[in-house]
Amino acid sequence: MFDKLVSVAELAAHTEDPSWRVFDCRHDLQNVEYGIQAYAKGHIPGALFLHLDRDLSGEKTGHNGRHPLPEIAAFAALMSACGVDADTQVVAYDNESGIFASRLWWMLRWLGHDKVAVLDGGLPGWRRAKLPLEIEVRNPPPAQFVPRPRDEIVATAQVLAKLHAPDLLILDARSEERFAGENETLDPVGGHIPGALNRFYFENLDDAGCFFKPADELRAEFDDLLGDSAPQNVVQQCGSGVTACHNLLAMEVAGLAGSKLYVGSWSEWCSDPTRPVAAGDQPG
């Protein structure tokens, strides 16, 4: 079972395995049709496409962030239609350093499905290995996906109630500029949640920005950042609950399991002007 990362070579050996299901999660926040258009031009053999907004997110209310979770029943029905059941090994990939693939990885784990991994290196790694793509869209037989939700989500009220508490460490996966409140282009308010620490998700990758760093290197970096905070006290956050999953995955790879996700993240937090906001490159 692969439950964190899977190599290009391992996936290449299983593209025709009926017990494996591959999902293409490519996306562009500024051009939301990019992913499906790129998928149509070529994808890893057997891969099905999932759209961040339409498949991996639910209805927005204006106060629940830019990428709220979909209804569990609807997502379970989608997984069933895609042929995913308890015995299926799921692999997610994208072309964007794993940030969208890790959202699917987290969602399936949240719903009790541990046999899910992100393709280390994503589509760039696949192409480096000179492996084939296809344009055919396959139709796998349906299965029965039974969700078993776990307690892995933190709500806004919980974050607000425990700001600056010793048993809460908020880890913000956005870029250093956005964390500091500079050049904010996605959300109406710049800044960060008071007390949060910044760990730009891109720091989880090698110098080429393709593959995840080795587990021991990630462990050393996260240990240095977290200090005495236990992984179970870490709340992962970003702009809308997507790139935060990349940090959560990286911590799992490093052997630091147990952190939770604030799905609404900054886009939900800043939707209410009564909530405190910090700026600058320090926790605040």
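Each remark here, short or long, concerns the structure printed above.
Residues numbered from 1 in each chain as written. Predicted model: local features only at pLDDT ≥ 70, side-chain atom pairs only at ≥ 80, totals over all residues. Heavy atoms only, no water.

Asker: Hey, could you run me through the sheet that holds strand 3 (residues 48-49) in this one?
Answerer: Across a sheet, strands are paired by hydrogen bonds formed along the backbone, either parallel or antiparallel in direction. Taking strand neighbours across the sheet as the criterion, the five strands line up as 1-5-4-2-3 in an open arrangement whose pairing is parallel. At either end of the open sheet lies a strand with only one pairing partner, and these are strand 1 (5-6) and strand 3. Of the strand pairs in this sheet, strand 1 and strand 5 (residues 116-119) are connected by two bridges, and their pairing is parallel. The residue bridging V6 from the neighbouring strand is L119, located in strand 5. (Pairing = 2+ DSSP bridges. Helix = DSSP H or I, 4+ residues; strand = E, 2+ residues; numbered from the N terminus.)

Asker: Could you clarify how one ought to interpret the sheet that holds strand 6 (residues 169-172) in this entry?
Answerer: Taken together, the four strands give an open sheet; going across it, the order is 7-6-8-9, and neighbouring strands pair in parallel fashion. Two strands lie at the open edges of the sheet, namely strand 7 (197-198) and strand 9 (260-261), each paired on one side alone. Summarising the sheet, strand 6 and strand 7 pair through two bridges and their orientation is parallel. Bridging across to strand 7, L171 finds its partner in L197. Each of strand 6, strand 7 and strand 8 (234-237) touches helix 8 (residues 215-226); the most contacted strand, strand 6, lies at about 130° to it. (Contact = heavy atoms within 4.5 Å. Axes fitted to C-alpha atoms, helices over the stretch in contact; angles between N-to-C directions.)

Asker: Is there a simple way to think about the layout of surface pockets in this case?
Answerer: To locate leftover empty space, one rolls a probe as large as a water molecule over the atoms. By volume, the largest pocket is sized at about 310 Å³. What lines the largest pocket is a set of 20 residues, among which L29, I99, R178, L186 and T243 lie closest to the centre. Here the lining of the largest pocket is composed, by residue class, of nine nonpolar, six polar and five charged. When its volume is computed, the second largest pocket comes out at roughly 220 Å³. In terms of lining, the second largest pocket is formed by 14 residues, of which the most central are D17, W20, R21, G46 and R138. (1 Å grid on protein atoms, 1.4 Å probe; cavity = no way out; pocket = protein on both sides within 12 Å on 5 of 7 lines; lining within 4 Å. Points joined across faces, edges and corners; volume = space filled by probe spheres on them. Nonpolar A, V, L, I, M, F, W, Y, C, P; charged D, E, K, R; others polar.)

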